[in-house]
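The primary structure of each chain is shown beneath.
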Amino acid sequence: MAIVLDGKKVAGQIKADLASRVAGLARMGMVPGLGTVLVGDDPGSMKYVEGKHRDCEEVGIASIRRQLPATAEDVLAVVRDLNEDPACTGYIIQLPLPAHIDSNAIIGAIDPTKDADGMHPYNLGELVLHVRGDITTPLPCVCSLSTASAFCSGRSCA
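These figures come from a predicted structure and were not determined experimentally. (Residues numbered from 1 in each chain as written. Predicted model: local features only at pLDDT ≥ 70, side-chain atom pairs only at ≥ 80, totals over all residues. Heavy atoms only, no water.)

J.: Break down the overall build of the protein chain for me, with residues and values.
T.: For the protein chain, the helix and strand inventory stands at six helices and three strands. Ordered by position from N to C terminus, the α and β elements of the protein chain give α-β-α-β-α-β-α-α-α. The buried share among the 158 residues of the protein chain stands at 29%. Only carbon and sulfur atoms are counted for the fraction: they give 61% of the accessible area of the protein chain, which is about 9900 Å². (Helix = DSSP H or I, 4+ residues; strand = E, 2+ residues; numbered from the N terminus. Buried < 20%, exposed > 50% of the residue type's maximum accessible area, 1.4 Å probe, protein only. Areas by Shrake-Rupley, 256 points an atom, 1.4 Å probe, with all protein chains shown as cover.)

Next comes the structure, spelled out in structure tokens:
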């Protein structure tokens, strides 16, 4: 028997929980802010980033958008700005970057505590070495599998 994971249902449950948690933070005067850095005008990247901002709006997270032309200096300046901005509690660099920009240098400039994708070398090292138990990027997959696992409990789901 095949099990179909309902990603939209799981996402809805995660968003509802997150909206409640964000509302609790807001009552304490703390509003999380997610920044995105989009370099260039790749249609797929633009759509992905737009989805991130739509998700932020749905759950009450402040949305910080940075879209810029493809120069490494401009990207590094935005990274420094987001690292220093207290309203930005985390951000992503939308990859891939244009070929003439060193992605590793840009990712390495991210403040590891604001690295929403978990791509900074420090965060990747901690993930690989199992130093911390929390993970970022694979979390939706883990939640989906946990949902399926609860359904499969006590059944033969091979």
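What follows picks up the thread again.
J.: Account for the side chain of Thr36, with residues named and values stated.
T.: Position of Thr36 among the secondary structure elements: in strand E1 (residues 33-39). A polar side-chain atom of Thr36 sits 2.6 Å from a polar atom in the side chain of His53. Among all residues touching Thr36, those that are not within four sequence positions of it are Val49, Lys52, His53, Ile64, Arg65, Arg66 and Ile92. (Polar contact = N/O pair within 3.5 Å; in protein donor to acceptor, adjacent residues only side chain to side chain. Contact = heavy atoms within 4.5 Å.)

J.: Just give me the short version of the environment of Arg66, but keep the residues and values in it.
T.: Structurally, Arg66 is set in strand E2 (residues 62-68). Residue Arg66 is classed as partly exposed on the basis of its relative accessible area of 25%. Considered as a pair, Arg66 and Val78 are 12 residues apart in the sequence and their alpha carbons are 7.5 Å apart. Sequence-distant contacts of Arg66, that is, excluding residues within four places in its chain, are made with Thr36, Val37, Leu38, Val78, Asp81 and Leu82. A polar side-chain atom of Arg66 sits 3.3 Å from a polar atom in the side chain of Asp81.

J.: How would you explain the packing of helix H1 (residues 7-27) against helix H2 (residues 43-59) if you had to name every residue and give the values?
T.: Interaxial distance between H1 and H2 falls to 8 Å at its minimum, and their mutual angle equals 60°. What the angle tells us is that H1 and H2 run oblique. Note on element contacts: H2 touches H1 through Asp55, Glu58 and Val59, opposite Lys15, Leu18, Ala19 and Val22. Classifying every residue of the contact of H1 with H2 by side-chain character gives four nonpolar, no polar and three charged. (Axes fitted to C-alpha atoms, helices over the stretch in contact; angles between N-to-C directions. Parallel < 35°, antiparallel > 145°, perpendicular 65-115°, else oblique. Nonpolar A, V, L, I, M, F, W, Y, C, P; charged D, E, K, R; others polar.)

J.: Any details on H1? Residues and values, ideally.
T.: When the terminal C-alpha atoms of H1 are compared, their 30 Å separation across 21 residues agrees well with the 30 Å that a helix rising 1.5 Å per residue should span. Buried residues of H1: Val10, Val22 and Gly24, and no others. The buried residues of H1 occupy one face: seen down the axis, they fall within an arc of 150°. Residues of H1 that are exposed and angled more than 90 degrees away from the buried face: Lys8, Lys9 and Arg27. Just beyond H1, the residue with positive phi is Gly29, at close to 85°. (Expected span 1.5 Å × (residues − 1). Arc of directions from axis to C-beta.)

J.: Quick one: what's the story with the sheet that holds E1, residue by residue and with numbers?
T.: Taken together, the three strands give an open sheet; going across it, the order is E2-E1-E3, and neighbouring strands pair in parallel fashion. Where the open sheet ends on each side, the last strands, each with one partner, are E2 and strand E3 (90-93). With direction set aside, neighbouring strand axes in the sheet form an average angle of 15°. Of the strand pairs in this sheet, E1 and E2 are connected by seven bridges, and their pairing is parallel. Across the sheet, residue Leu34 finds its bridge partner in E2, namely Ser63. Running over the sheet, H2 touches E1, E2 and E3 and is turned about 170° from E1. Relative to E2, helix H3 (residues 72-84) is tilted by about 165°, and along the sheet it contacts E1, E2 and E3. (Pairing = 2+ DSSP bridges.)

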